[in-house]
Amino acid sequence: METIWLYTALSLVIIILSLKFFSTRHRNLPPSPTLALPVIGHLHLLKPPVHRIFCNLSQKYGPIFSLQFGTRLVVVVSSPSLVEECFTKNDIVLANRPRLLIGKYLGYNYTNMVNSPYSDHWRNLRRLGSVEIFSAGRLNTFLSDRKDEIKRLVLKLADNSRHDFAKVEMKSRLAELSFNIIMRMVAGKRYFGEDEDYDEAKRFRGLIKEIAKSSGVSSPGDFLPVLRWIGYQNFEKNLAKFFGKMDAFLEGLIDEHRGNKNDNTMIDHLLSFQESQPEYYTDQIIKGIIMIMLTAGTDTSSVTIEWALSLLLNHPEVLEKAKVEIEAQVGSDRLIDEHDLSNLPYLHNIILETLRLFPAAPMLVPHESSADCKIGGYNIPRGTMLLVNAWAIHRDPNVWNDPTSFKPERFEGIEVEPSKLMPFGMGRRSCPGSGLAQRVVGLTLGSLIQSFDWKRISEEKIDLAEGKGVAMPKVKPLEAMCKARN
Ligand code: HEM
């Protein structure tokens, strides 16, 4: 029975694709590799890390090319001028997001900020976010939580390394730091750490492991709807099951805060809005906001710190220069604070250079055209998925001198155009959490440089290969030797 359904659905897909191919909107499309297979199109080309595959394709087919992923037309751009065209002239048309299965569940039926289509609803969410979550004023009220989490990390590392160099695994410690920072902001609670052994924390940690597996993943059914209809590999069923558990957890968290108007957590602030505008600030909207803080705001920052530290270990001269800068500006009597960051341009350039070489979202987040438009003179039909290969632009020798070398000095005295360096994206849908990310990354990295001497665990350089995962993790979690200073 399943086979008959499969054949019927495949025939339908072929008919739809043929109709699309012969329509005028689908003429003058960007160049496309000839390797398209029946039904799946170019899906067979996708092997992680995809930004490298797309970079190779752009060298062959040019800075704009198109691919057929099952029923979806996908366009990939990889040059500053095309990015500029996408996010200035065509910014509104390209401000939509494709409806991927993940957005139905983790995106609360496409109502959260990341997955919502470009609409009044999305604009309201962004407005709310820029005032209530990401404004400098609001971020300042959570400064003591960030400082406390970083201090805990420093003390824990120092415990083992007061007398001599000790080997430390940094990936998990940095991930825990970023989750604790976000969850203290959201709900005033820590869920990671030796003392956090209560049942709720254990449950949360279990859910986070599952989130890591499912968020950012696109299901094969996103491109071949037939697979969704026949329940291929139970993908949707499993996603729905996991989402149900996560949703119940978040609802419980909100319930705990109902009536606690005096607490300074994001949930309390959002609940106070719910009292005055219950029809808009529903529990679903609040849970959607918590979900994006967890999925978009944690690994992205911790992975960036891990890459930065890895690069510094491979370039001790840069590490030394950063240490000298911190010593000159902050000294060694107190820990570095967020207000010091503006006086530490070299540290800032180290972070920029890390984000250039290892952007946590190398292909940004997929966009979709809401109307026909043109990019680079080619037709881009309505409903095309747009991917921007930021990783390729950040390493393009036509854009950067000596692009694969780690040289923070390259930013000295220059203002880089946004279309050449876009770790946080560009235009309307660019990252609203960049201010928070820069504070967390800057303060953590600065504190680690200030408080410890660092070296590699062997003569061998740190492996800088990218692994599989949403926020471009290192293939090998970072291990290093550190020794507490003073
Ligand atoms: C979107 C990067 C941290 C929340 C994005 C996008 C990128 C990005 C590239 C997509 C832009 C586009 O679609 O063109 C990063 C990096 C981070 C980081 C590199 C850290 C180093 C954060 C944090 C938060 C956050 C800390 C919140 C706590 C979001 C949200 C969106 C987004 C909500 C979706 C915006 C929308 O669709 O309107 N981020 N991000 N991000 N980011 Fe971040």
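Above this text you will find the structure in question.
Reading the values: the criteria
- Residues numbered from 1 in each chain as written.
- Predicted model: local features only at pLDDT ≥ 70, side-chain atom pairs only at ≥ 80, totals over all residues.
- Heavy atoms only, no water.
- Pairing = 2+ DSSP bridges.
- Helix = DSSP H or I, 4+ residues; strand = E, 2+ residues; numbered from the N terminus.
- Contact = heavy atoms within 4.5 Å.
- Axes fitted to C-alpha atoms, helices over the stretch in contact; angles between N-to-C directions.
- Expected span 1.5 Å × (residues − 1).
- Buried < 20%, exposed > 50% of the residue type's maximum accessible area, 1.4 Å probe, protein only.
- Donors = N, O, S within 2.8 Å, 3.2 Å for Na, K, Ca; no water.
- Salt bridge = Lys/Arg side-chain N within 4 Å of Asp/Glu carboxyl O.
- Near = heavy atom within 4 Å.
- Nonpolar A, V, L, I, M, F, W, Y, C, P; charged D, E, K, R; others polar.
- Parallel < 35°, antiparallel > 145°, perpendicular 65-115°, else oblique.
- Core = buried A, V, L, I, M, F, W, Y, C linked by side-chain atoms within 4.5 Å.
- Polar contact = N/O pair within 3.5 Å; in protein donor to acceptor, adjacent residues only side chain to side chain.
- 1 Å grid on protein atoms, 1.4 Å probe; cavity = no way out; pocket = protein on both sides within 12 Å on 5 of 7 lines; lining within 4 Å.
- Points joined across faces, edges and corners; volume = space filled by probe spheres on them.

*Asks:* Mind showing me how you'd approach the sheet that holds strand 4 (residues 367–368) here?
*Replies:* Whether parallel or antiparallel, the strands of a sheet pair through hydrogen bonds between backbone atoms. Strand order in the open sheet formed by four strands is 1-2-7-4, with mixed pairing between adjacent strands. Whereas interior strands pair on both sides, the edge strands pair on one side only; in this sheet they are strand 1 (64–69) and strand 4. Each of strand 1, strand 2 (72–77) and strand 7 (385–388) touches helix 2 (residues 50–61); the most contacted strand, strand 1, lies at about 125° to it.

*Asks:* Which parts of the structure should I look at to understand helix 13 (residues 283–296)?
*Replies:* Side chains that are three or four residues apart share a direction in an α-helix, a result of its 3.6 residues per turn. End to end, helix 13 covers 20 Å across 14 residues, agreeing with the expected 20 Å (1.5 Å per residue, within 8%). Taking burial as the measure, the 14 residues of helix 13 include eleven buried ones, the bulk of the element.

*Asks:* I tried to follow the coordination of the iron atom of the ligand on my own but got confused; where do I start?
*Replies:* For a metal with four donors in a tetrahedral arrangement, the ideal angle between donors is 109.5 degrees, while six donors in an octahedron ideally sit at 90 or 180 degrees. When only protein atoms are considered, the iron atom of the ligand has one donor, Cys431 (SG), at a distance of 2.3 Å. Along the chain, Cys431 turns up in the loop between helix 17 (390–394) and helix 18 (434–451).

*Asks:* Any chance you could explain the pattern of salt bridges here in plain terms?
*Replies:* Close approach of charged atoms lets side chains of opposite charge pair. All told, the structure shown has 39 salt bridges when counted by the stated rule. Its salt-bridge partner being Arg72, residue Glu368 comes within 3.6 Å of it at the nearest N-O pair. With Glu368 in strand 4 and Arg72 in strand 2, this pair connects stretches of sequence that are 296 residues apart. Here Glu368 matches Arg72 in class, with each residue buried. Measuring nitrogen to oxygen at the nearest pair gives 3.3 Å for the salt bridge that ties Arg184 to Asp145. Placement of the pair is Arg184 in helix 8 (residues 170–187) and Asp145 in helix 7 (residues 143–160), with a sequence separation of 39 residues. We classify Arg184 as buried; its relative accessible area is 13%. What makes Asp145 buried here is its relative accessible area of 18%. One continuous salt-bridge network, built from bridges that share partners, spans Asp145, Asp148, Glu149, Arg152, Arg184, Arg190 and Glu196.

*Asks:* So what exactly am I meant to see when it comes to the site of the ligand here?
*Replies:* Lining the immediate surroundings of the ligand are 28 residues, of which Arg97, Trp122, Arg126, His367 and Cys431 lie closest. Of all the elements in the fold, those that place two or more residues in the shell around the ligand are helix 5 (120–133), helix 13, helix 14 (299–314) and helix 18. Its residues assigned to classes, the shell around the ligand shows 17 nonpolar, eight polar and three charged.

*Asks:* Teacher, can you tell me more about the sheet that holds strand 8 (residues 452–455) here?
*Replies:* Pairing is antiparallel in the open sheet, where three strands are placed in the order 3-9-8. One side of each edge strand has no neighbouring strand; the edge strands of this open sheet are strand 3 (166–169) and strand 8. Strand-to-strand twist in this sheet, taken as the mean axis angle between neighbours without regard to direction, amounts to 40°. Bridge count between strand 3 and strand 9 (residues 479–484): four bridges; the pairing is antiparallel. Bridging from a neighbouring strand, Lys167 pairs with Met481 of strand 9. Of the strands in this sheet, strand 3 and strand 8 are in contact with helix 8, which crosses strand 3 at around 55°. Against the sheet, helix 18 touches strand 8 and strand 9, its axis set at about 90° to strand 8.

*Asks:* Looking at this structure, how should I read the environment of Cys431?
*Replies:* On the basis of relative accessible area, Cys431 is assigned to the partly exposed category, the value being 32%. Distance from Cys431 to Gly297, taken between C-alpha atoms, is 9.9 Å for residues 134 residues apart in sequence.

*Asks:* I would appreciate a short explanation of the packing of helix 14 against helix 15 (residues 316–329) in the present structure.
*Replies:* Describing two packed helices takes the angle between their axes plus the distance from one axis to the other. Helix 15 packs onto helix 14 with a crossing angle of 110° between their chain directions and a minimal axis gap of 5 Å. The orientation of helix 14 relative to helix 15 falls into the category roughly perpendicular. Between helix 14, through Leu312, Leu313 and Asn314, and helix 15, the contact on the second element is made entirely by Pro316, Val318 and Leu319. Residue composition of the contact of helix 14 with helix 15, grouped by class: five nonpolar, one polar and no charged.

*Asks:* Hey, could you run me through the nonpolar core in this one?
*Replies:* Where a protein is soluble and globular, its nonpolar side chains tend to be buried together. Among the nonpolar cores identified, the biggest contains 120 residues, and Leu445, Leu448 and Trp454 are the most heavily contacted of them. Setting aside residues no more than four positions away along its own chain, Leu448 makes contact with Leu153, Leu157, Met170, Leu174, Ile305, Leu309 and Trp454. Leu82, Leu94, Met422 and Met426 belong to the second largest nonpolar core, which has 18 residues in total.

*Asks:* Whenever I open this one, the side chain of Arg456 confuses me. Can you help?
*Replies:* One can find Arg456 in the loop between strand 8 and strand 9. Looking at Arg456, its side chain comes within polar contact range of the main-chain oxygen of Glu459, at 3.1 Å. From its side chain, Arg456 meets the backbone oxygen of Glu460 in a polar contact 3.2 Å long.

*Asks:* Before we go on, may I ask you to explain empty space enclosed by the protein in this structure?
*Replies:* Rolled over the atoms, a probe with the dimensions of a water molecule shows which regions are left empty. Across all of its chains, the model carries one cavity of 30 Å³ or more by this definition. Lining the largest cavity, in full, are Ser178, Ile181, Ile182, Gly297, Ser301, Leu436 and Val440. Elements with a minimum of two residues in the lining of the largest cavity: helix 8 and helix 18. Examining the composition of the lining of the largest cavity, we find that three residues originate from one element, helix 8, more than from any other. Residues that form the lining of the largest cavity fall into these classes: four nonpolar, three polar and no charged.

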